[in-house]
Amino acid sequence: MGVVVAQVENVVGERVLIAVQAVNISRLSTHPVPTVPGTLIVVAGAGPKDSNGAGKSSFIASITALLGDEQWRFASGAKAVSELLFNAELASGAGARQWASADHGYIVGVFAPAGMEDFTAAKSVDAVAGEDGELFEVTATSGGAVTVWLRVNQEAPHLEIRWREGVHLAAAASEAERVARADELWASLPRSAGRRDVVARDLTKVLYGDRVRCVSFLSTSVRSKVATNLLSQPLNEISPERVFEAIAALTGLDAELEQEREARRDEHAKRVRAALAGERLAEFEAESKALLATFDRRDQARVRLAGALRCWRGRQARRLADAAGKDEALAAELARHQAASEAAAEAIALVKAEIGTLKEDTLDRSVTEARRELAALQARAGKLDADRAVAENSADELRGMIPALEEARRFADGRDVPTAERELKEVGLRLNEALKALGVADRETASAQAALDDAEGGPAAAQLNALASAGVGATGLLDALDVAEQARDQGGPVGDLRLDDLRGWPGEHAVIVDAAQLGAAAAALAELPGSVLVSAAGVSVVGAFDGVATGREARIKAAEHRLNRAMDIQETAAQAVRNEEEAVAQAQRRLEGAKAGVRLAELERRLSERRARLSELTAALEELVPRVAEAERQAGALDFRARTRDMEIERLDGRRHRHEAERAQAREQEAKVGAERDALKLEALAADWGGTVETAGEWVRALPEEERGRTADEWWRAAERLLDQALRDTFPQEEDEVPEELRFLLQERSGSTAREQATFAGVCGSLASYLRAQEEYEKHQRRQIEAQVVSRQRDLAAADKGAEEAAQSTAVHRAALTAAIRARLTRVAEEFEKLDSSYGGYGATLEFPVPPAPADPEQRWQWRVTPKWRRGEGQGYVPYNRRANTALMDEKAVKLVCAAAIASSGGGHLCLVLDELGRNLGKEHRREAVALFRRIGETYGITVIGALQDDMEPYAIDACGQYIKLRRSSDAMPYNEPPVIVGHDQHADRVRTLAAYVDRTAEGHRASS
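Definitions and limits used
Residues numbered from 1 in each chain as written. Predicted model: local features only at pLDDT ≥ 70, side-chain atom pairs only at ≥ 80, totals over all residues. Heavy atoms only, no water. Axes fitted to C-alpha atoms, helices over the stretch in contact; angles between N-to-C directions. Helix = DSSP H or I, 4+ residues; strand = E, 2+ residues; numbered from the N terminus. Parallel < 35°, antiparallel > 145°, perpendicular 65-115°, else oblique. Left-handed = near helix turned anticlockwise from the far one by under 90°. Contact = heavy atoms within 4.5 Å. Nonpolar A, V, L, I, M, F, W, Y, C, P; charged D, E, K, R; others polar. Pairing = 2+ DSSP bridges. pLDDT = per-residue confidence, 0-100. Phe/Tyr/Trp six-rings, centres within 6.5 Å; stacked < 30°, edge-to-face > 60°. Buried < 20%, exposed > 50% of the residue type's maximum accessible area, 1.4 Å probe, protein only. Lys NZ or Arg CZ within 6 Å of the ring centre and 35° of its normal. Polar contact = N/O pair within 3.5 Å; in protein donor to acceptor, adjacent residues only side chain to side chain. Salt bridge = Lys/Arg side-chain N within 4 Å of Asp/Glu carboxyl O. Arc of directions from axis to C-beta.

1. Quick look at the packing of helix α20 (residues 712-730) against helix α21 (residues 740-749)
Link 1 in the chain: Put simply, α20 and α21 touch, their axes get as near as 14 Å, and they point 140 degrees apart. By the angle between their directions, the pair α20 and α21 is classed as oblique. Taken as a pair, α20 and α21 cross one another with a handedness that is left-handed. Each of Glu 720, Leu 723, Asp 724 and Leu 727 in α20 lies in contact with α21, whose residues at this interface are Leu 742, Leu 746 and Arg 749.
Link 2 in the chain: For the contact of α20 with α21, a count of residues per class yields four nonpolar, no polar and three charged.

Next comes the structure, spelled out in structure tokens:
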């Protein structure tokens, strides 16, 4: 495939771009846009609010991609071009739910020879949509128009290129149909590289033969890398470094500078490889040295391990010989201890016999009997003494009760208990009679008091009060009668009535009322049944009375007399009760005195008995005291004899204990000596030595004089020291890999000397086994190290040679690049001089000293370009960053950009694409600057395409060679409307055909909608 691509180069050749069509590119309309080569083409916009949002930047960016602007980084796949695809979310916020983002699109360009006039217009739109798909008919296929299709994909490959002779654009009545037609045309185009399509990395070579066809200043976000725009700000505000970057971008020096940086990177990488080779050699030599030192240490470890084993052999021989000599001394000492033990045993037997003789005496029984008799007598005396104390206490208590009883006995007045009880009973009977009489008197007094209260209140008080409340006048019947006292007492007649006849009559409740008020009175007394009404109409009897009292005053007097008589009787009865109560108290005291006399007699009897018992106890105690003293004397004598005997036995026991201690000590020493003989382990030592005591002695005697006197500990310390040195030589670092068996033995070895000695043979054997296993490996490693050192030395020499060659190559490349940059900048300076002299200036040039190459391989080689111009005829050049008027700065910036573009064209057609055209130009100089672009473009055959803002449009529309206005009236519209194009072109037929095509497709779109 690479051969096929190499055979097809420079497809476009000297043709120039005459038409562009974008399909699914940003929000651009799919309508073809004709372009007039060799003049100034301005691109304006009409968005929903202003020129923003109409897709100007996307339009000019798609042209730069079509023309192979290297700032898209085609060699890296040109992934940034895929960002030009239609994005529904960016095109219309609401449309994101109605439209889908494009996964691919097309940038189509029609290229025709400069000055070609053999265009034949198609007859109708149907012809456009014919099988061949050509918009124009061309008379010859060779050297005529060619249509280049760039398919832009969201996924890799991001660019695919196809082409065909003739004009092949997507023609249809609507946007959707043109998109579908574009896919059909793409499918019908032949693959450009045999079985596959040409991709981004081959675009410039295949289409343009590696010639620069486009330089651009895109200062928007359509590309990740934005070159410095000399027209985006005042020229004197741009640093010399950025001026060079802008000229480098316009003239294609970026790629060569990148190649120079790659050469420096290669040189740096080779120098780094050489340094790494040297470091690796030094590191390997250091590691080898360390490894060889390790091998040497292990050889030394083998020697020291052999010495450790010899010292261990000497320790075993010395221990066996020393143990044999010590065993003979211990045998003699053991015989001495056995004899001492036997003598102590004989002495112990004699002492025990003497102690047995002393303990056979009857003294212990006598002492026990005397102590028992003494204890009995002392107990009897103690009991008698206690009984006497009890008797004395009882007699004292009885004597203390006598005075109180004698005082109480005086109240009896000589009466005995039965007499006092009889008198108390009689007085009690008299008191009861007095109490009864007092009760009768109390009732009579209460009755008299009630009668007095009734006499004073009136017998019919309730009836009179009720009638008074009802307003009826009345008088009590008994209150109206006045009976003489003698008549009341005698019960004589009163008028026609007798007092006796009134008895039982309820006269107390009778009232006298008027006959006319009898009914009202009866109603008023309805709540008091038993009332009696007396009137002229008759008597109404309600109840009866026990007696009749006539006359209120008489009744009151009679009641008072009765009350006084009753009170006198009550007082007399109360005095009688008090007298009888005193008599009862007196009789009670006499009874208690009589009883106290009886108790006093009993107490005196008991006291007499206690005194007799006390006399008996005192006599018995006096009789027992001599017997207790005699028993104490006998018991003391026997105790003294027993203590004397016990002291003798204790003395004998002490002697026995001493003999037993001597025997025990002798036996202990005997056992100790036996243990020491056993601890010598002569058999084990002989087994460790591997021979007899005699051979061990001979080995020791055969030693040199300086070693013959060494002790076993000295042999051990020497062996231990040599083993530790051998271990350190074998494993100098703690993290070294120690064999598992040896690590276990070393862990068991640590902690005590005994454990070290017990594991010494095992450690030596394991270490010797490890060293034997490593010996062959170390010999092989020595040979490998020698070979590796030789090999790495050869690698270092080759790396040094490569680094030197790379340095020379970089120096040659830098010299060639310096010459190329100087030549390119010189040509730009020459073109700058020509343009300035031709268009109103006095001459201009560029100053560009050669900077030193950076030491950092990642740093770009930074050049400085200082534009200069004359301000008057015959004057010297003045640097651009000196103070000057704005118009002069704008004019020089335009000329410098055009000079760089002319210099980069190499004599062929060039397209200069500028974003934000004239953004920094002052209002009074904008028209002149735009006109200057057009004149330079037409003079030098440069197509200048510039996007501009609204404020620049009035100045550019009259001065440009072609005017293109992209339109989008609403944010809800995802795609642009058909563009407005005004231009001047010598090929009238082509212009008319394109215009008819655009008009026809627009009408078809309106008809379909």
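2. What to know about the sheet that holds strand β11 (residues 474-476)
Link 1 in the chain: Spatial ordering of the open sheet is given by β11-β14-β15-β16, a layout of four strands whose pairing is mixed. The open sheet is flanked by β11 and β16 (538-540), the only strands paired with a single partner. When the angles between neighbouring strand axes are averaged without regard to direction, this sheet yields 25 degrees.
Link 2 in the chain: Note: strand β14 (residues 510-513) against strand β15 (residues 532-535), three bridges, orientation parallel.

3. With respect to the confidence of the model for the protein
Detailed reading of the predicted model is not advised wherever pLDDT is low.
Link 1 in the chain: Summary statistics for the protein give a mean pLDDT of 75 and a share of 80% for residues scoring 70 or more.
Link 2 in the chain: Scored below 50 in pLDDT, residues 1-6 makes eight contacts in the model with residues more than four places away or belonging to other chains.
Link 3 in the chain: Across residues 117-142, where pLDDT falls below 50, the model places 48 contacts with residues more than four positions away in sequence or in other chains.

4. Points about the packing of aromatic side chains
Link 1 in the chain: For the structure on display, the rule yields eight aromatic pairs.
Link 2 in the chain: With a centroid separation of 5.5 Å and 70 degrees between ring planes, the pair formed by Trp 716 and Phe 760 is classed as edge-to-face. With Trp 716 in helix α20 and Phe 760 in helix α23 (residues 760-838), the pair connects residues that are 44 residues apart, well separated along the chain.
Link 3 in the chain: With relative accessibility at 4%, the residue Trp 716 sits in the buried group.
Link 4 in the chain: For Arg 710, the ring lying beneath its charged end belongs to Trp 715, and the centroid distance is 4.8 Å.

5. Comments concerning the pairing of strand β4 (residues 104-112)
If a strand is regular, its side chains alternate between the two faces of the sheet.
Link 1 in the chain: When you tally the buried positions in β4, you get nine out of nine residues, the bulk of the element.
Link 2 in the chain: Residues of β4 alternate between two faces, with His 104, Tyr 106, Val 108, Val 110 and Ala 112 on one and Gly 105, Ile 107, Gly 109 and Phe 111 on the opposite face, all of them buried.
Link 3 in the chain: Taken together, the seven bridges between strand β1 (residues 16-23) and β4 define a ladder with antiparallel strand orientation. Looking across to β4, one finds that Val 23 is bridged to Tyr 106.
Link 4 in the chain: Examined bridge by bridge, β4 and strand β7 (residues 146-153) share eight bridges and lie antiparallel to one another. Looking across to β7, one finds that Gly 105 is bridged to Val 152.

6. Details of the environment of Thr 294
Link 1 in the chain: Structurally, Thr 294 can be placed in helix α8 (residues 253-359).
Link 2 in the chain: Here Thr 294 falls in the buried class, since its relative accessible area comes to 15%.
Link 3 in the chain: Distance in space between the C-alpha atoms of Thr 294 and Phe 731 is 8.6 Å, their sequence separation being 437 residues.

7. Re the side chain of Thr 943
Link 1 in the chain: Take Thr 943: it is sitting in strand β21 (residues 942-947).
Link 2 in the chain: With relative accessibility at 6%, the residue Thr 943 sits in the buried group.
Link 3 in the chain: Reaching out from Thr 943, the side chain makes a polar contact with the backbone nitrogen of Gly 38 at a distance of 2.8 Å.
Link 4 in the chain: Look past the residues within four positions of Thr 943 in its chain and what remains in contact with it is Val 36, Pro 37, Gly 38, Thr 39, Ile 41, His 909, Leu 910, Cys 911 and Leu 912.

8. Some words on the pattern of salt bridges
Pairing is possible between side chains that carry opposite charge, provided their charged atoms lie close to one another.
Link 1 in the chain: Within this structure, the stated rule accounts for 17 salt bridges.
Link 2 in the chain: With a closest N to O distance of 2.4 Å, Glu 847 and Lys 868 form a salt bridge. With Glu 847 in strand β17 (residues 844-847) and Lys 868 in strand β18 (residues 866-870), this residue pair connects regions lying 21 residues apart in the sequence.
Link 3 in the chain: Residue Lys 868 is classed as buried on the basis of its relative accessible area, which comes to 17%.
Link 4 in the chain: Ionic contacts of the salt-bridge type, sharing partners, join the residues Arg 162, Arg 191 and Asp 197 into one network.

9. Concerning the sheet that holds β4
Link 1 in the chain: Taken together, the six strands give an open sheet; going across it, the order is β2-β1-β4-β7-β8-β9, and neighbouring strands pair in antiparallel fashion. Every interior strand has two partners, whereas the edge strands, β2 (33-34) and β9 (198-199), have only one.
Link 2 in the chain: Packed onto the sheet, helix α2 (residues 56-66) meets β1, β2, β4 and β7 and runs at close to 65 degrees relative to β4.

10. Considering the environment of Thr 475
Link 1 in the chain: Among the structural elements, Thr 475 can be located in strand β11.
Link 2 in the chain: The exposure class of Thr 475 is partly exposed, given its relative accessible area of 41%.
Link 3 in the chain: Counting along the chain gives eleven residues from Thr 475 to Leu 464, while the straight-line C-alpha distance between them is 7.1 Å.
Link 4 in the chain: Not counting residues up to four positions away in its chain, the partners in contact with Thr 475 are Leu 464, Ala 510, Val 511 and Ile 512.

11. Re α21
Link 1 in the chain: For α21, the set of buried residues is Leu 742, Leu 745 and Arg 749. All buried residues of α21 lie within an arc of 60 degrees about the axis, which places them on one face of the element.

12. Section: helix α18 (residues 693-701)
Link 1 in the chain: Taken as a whole, α18 has its buried residues at Ala 696, Gly 697 and Val 700. On an axial view of α18, the arc spanned by its buried residues comes to 100 degrees, and they lie on one face.

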